[in-house]
2 protein chains.
Amino acid sequence: MKAVILLSGGLDSSTILYQAKVDQCECHAISFDYQQRHRRELQSALLVAQQAGVVQHQVVSFDLRQWGGSALTDDAIDLPQERSLDEMSQNIPVTYVPARNTIFLSFALGYAEAIAAECVYIGVNALDYSGYPDCRLDYIQAMQEVFRLGTKQGREGKPITIVAPLIDLKKTEIIRLGNDLGVPWELTWSCYAGGDVACGVCDACRLRLAAFTELGLVDPLPYASHGFD
Amino acid sequence: MKAVILLSGGLDSSTILYQAKVDQCECHAISFDYQQRHRRELQSALLVAQQAGVVQHQVVSFDLRQWGGSALTDDAIDLPQERSLDEMSQNIPVTYVPARNTIFLSFALGYAEAIAAECVYIGVNALDYSGYPDCRLDYIQAMQEVFRLGTKQGREGKPITIVAPLIDLKKTEIIRLGNDLGVPWELTWSCYAGGDVACGVCDACRLRLAAFTELGLVDPLPYASHGFD
């Protein structure tokens, strides 16, 4: 089965890439350089894709700083730091990037149709970071309908399927799954801050560190600061 | 009312821009350089946007030649020429670009949310060129659901609305409407062929010329060849 895998280089997308391999997919990865603050993640995406032995890896470039609207695409908006997991889960955070997953899934859909792939894997999960509207099941279902109606393949009765294996998993469960699948955590990247070393205090670092800690595991990435020390 | 207008520089999108002005919108145009064969259309988009007096005009650049899959993004696929209107309407043509309107609408959605716009205008119409799956009403309705569920604005009960004023119009009706609205046809561009003068024989030129002819009007654009002479 030919599959397009949305790969940011983080824990979740790296885990679904390895899941797709277990599912016996021929994996075509796609990543995005949208001038995100943490473009460093693209290095990780390239390394993880290579390690996993994908057939092809497309990096699509565009500039979401043209209109900003997020702490990840506008340096004038401060990145939240040292927030508790509780605080993180309360509101849609300023790291929300307007329509990001819709843009990502749209490109993945175009790529999938051009290479006649049968499915698109995406690593969204709703439980840990439920603030993001475009990580929830009802949204994914709505995109599935777009995949069906908006393409030649779909109109011909062979819609490209969205596969979201992590949608109901907590971060700890994702790490447990990734461990079983042999995901090379040391190659991945989660930090939002944009440095060459993970900051340890942004929401992404704290979520990641908290989950490794809860599992009694050690995150192999070096951190500038350990938020929960 | 703040609106984002998808503007390619063709007849349809130029007409909806002028419609949005009549609808008293504050118009923010968005166009795409996707390395299309007919990038010449972007010059027209810029001129039409300027003539209409838009508040802002974003041109988003990315490269759909990375995977091609269309005569508009892969020079190895020949452009259909000298087809009758009947032939054009029978199948999804090779000028179909996988997921193009989904990609365009996704960026428009992100832009709209970043500037707190209330709607996105798109010039799709289903009647003349019904081959394109992502120009039909059911597809637009599916995208509307994505607009509602995939954004912060939507989750807060203020979804960005897709406005498709031309969805049920034939090309002749669009030209009649555009005439009433004062659309500067001489600035617009439809030709797919990629030359500096419209070819007159690609599907886009022939549809356009046939509609002007049917109305007893003269298309002010110069053509290399008049397909129906």
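Residues numbered from 1 in each chain as written. Chains lettered and ligands numbered in written order. Predicted model: local features only at pLDDT ≥ 70, side-chain atom pairs only at ≥ 80, totals over all residues.

1. Quick look at the overall build of chain A
Condition: The numbering of helices and of strands both runs from the N terminus, where a helix is a DSSP run of H or I of at least 4 residues and a strand a run of E of at least 2. As a reference, a globule follows 2.2 Å times the number of residues to the power 0.38, and the radius of gyration itself is taken over C-alpha atoms. Three exposure classes are used, based on other C-beta atoms lying within 10 Å of a residue's own C-beta, which is placed from the backbone: buried for 20 or more, exposed for 12 or fewer, and partly exposed in between. By the criterion used throughout, residues are in contact when their C-beta atoms, derived from the backbone, lie within 7 Å.
Looking only at helices and strands, one finds eight helices and five strands in chain A. Sequence-ordered secondary structure for chain A, helices as α and strands as β, is β-α-β-α-β-α-α-β-α-α-β-α-α. In terms of overall size, chain A behaves like a compact globule, its C-alpha atoms giving a radius of gyration of 17 Å where 229 residues would be expected to give roughly 17 Å. Counting only C-alpha atoms, chain A reaches 55 × 40 × 30 Å along its principal axes. In chain A, which comprises 229 residues, the proportion classed as buried is 57%. For chain A, contacts bridging at least 24 residues in sequence account for 71% of all contacts bridging at least 6.

2. With respect to the relation of the copies chain B and chain A
For clarity, the cut-off: Least-squares superposition aligns the copies on the C-alpha atoms of those residues with pLDDT at or above 70 in both.
Between chain B and chain A, which share one sequence, the superposing operator has a rotation angle of 180° and an axial displacement of 0.0 Å; the RMSD is 0.0 Å. The transformation just described matches what one would write down for a two-fold rotation axis. Distance from the rotation axis, computed per C-alpha, reaches its smallest value in chain B at B:Phe62: 2.7 Å. When the interface residues of chain B are mapped onto chain A, 100% of them again fall at the interface, so both copies present the same face.

3. Considering the nonpolar core
Let me state the cut-off plainly: Nonpolar core, as used here: buried Ala, Val, Leu, Ile, Met, Phe, Trp, Tyr and Cys residues forming one set through C-beta atoms within 7 Å.
A:Ile5, A:Ala108, A:Val120, B:Ile5, B:Ala108 and B:Val120 are the most contacted members of the largest nonpolar core, which has 157 residues in total. Among all residues touching A:Ile5, those that are not within four sequence positions of it are A:Ile16, A:Leu17, A:Ala20, A:Cys27, A:His28, A:Ala29 and A:Tyr121.

4. Some thoughts on the interface of chain B and chain A
Put simply, the rule is: Put simply, Ala, Val, Leu, Ile, Met, Phe, Trp, Tyr, Cys and Pro go in the nonpolar bin, Asp, Glu, Lys and Arg in the charged bin, and everything else, Gly too, in the polar bin.
On the chain A side, the residues contacting the 38 residues of chain B number 38 residues. With ten residues, the top contributor of residues to the side of chain B that touches chain A is helix α4 (residues 100-114) of chain B. Within the side of chain B that touches chain A, the residues separate by chemical class into 20 nonpolar, twelve polar and six charged.

5. Comments concerning the sheet that holds strand β2 (residues 26-33) of chain B
Residues and elements named next belong to chain B. For clarity, the cut-off: Strands were regarded as paired on the criterion that DSSP finds at least two bridges between them. All axes here are fitted lines through C-alpha atoms, helices being fitted over the stretch that makes contact, and every angle between N-to-C directions spans 0 to 180 degrees.
Here we have five strands laid out as an open sheet, ordered β3-β2-β1-β4-β5, and parallel in their pairing. One side of each edge strand has no neighbouring strand; the edge strands of this open sheet are β3 (56-61) and β5 (161-163). Recorded for the sheet is a direction-independent mean angle of 25° between the axes of neighbouring strands. Sheet topology note: the strand β1 (residues 2-6)/β2 ladder contains five bridges and is parallel. Looking across to β2, one finds that Val-4 is bridged to His-28. Seen against the sheet, helix α1 (residues 11-22) touches β1, β2 and β4 (119-121) and runs at an angle of roughly 170° to β1. The sheet contacts of α4 involve β1, β2, β3 and β4, and relative to β1 the element is tilted by about 155°.

6. Section: helix α5 (residues 137-149) of chain B
The periodicity of an α-helix, 3.6 residues per turn, causes residues three or four places apart in sequence to face the same way. As a reminder of what qualifies: Here the expected span of a helix is defined as 1.5 Å times the quantity of residues minus one.
Here α5(B) is 13 residues long and its end C-alpha atoms lie 19 Å apart, about the 18 Å a rise of 1.5 Å per residue gives. Along α5(B), the residues classified as buried are B:Tyr139, B:Ile140, B:Ala142, B:Met143, B:Gln144, B:Val146, B:Phe147, B:Arg148 and B:Leu149. Each element contacted by the buried residues of α5(B) is listed here: α4 (100-114) and α5 (137-149) of chain A together with α4, α6 (152-155) and β5 of chain B.

Purely spatial values, then, with no claim about function.
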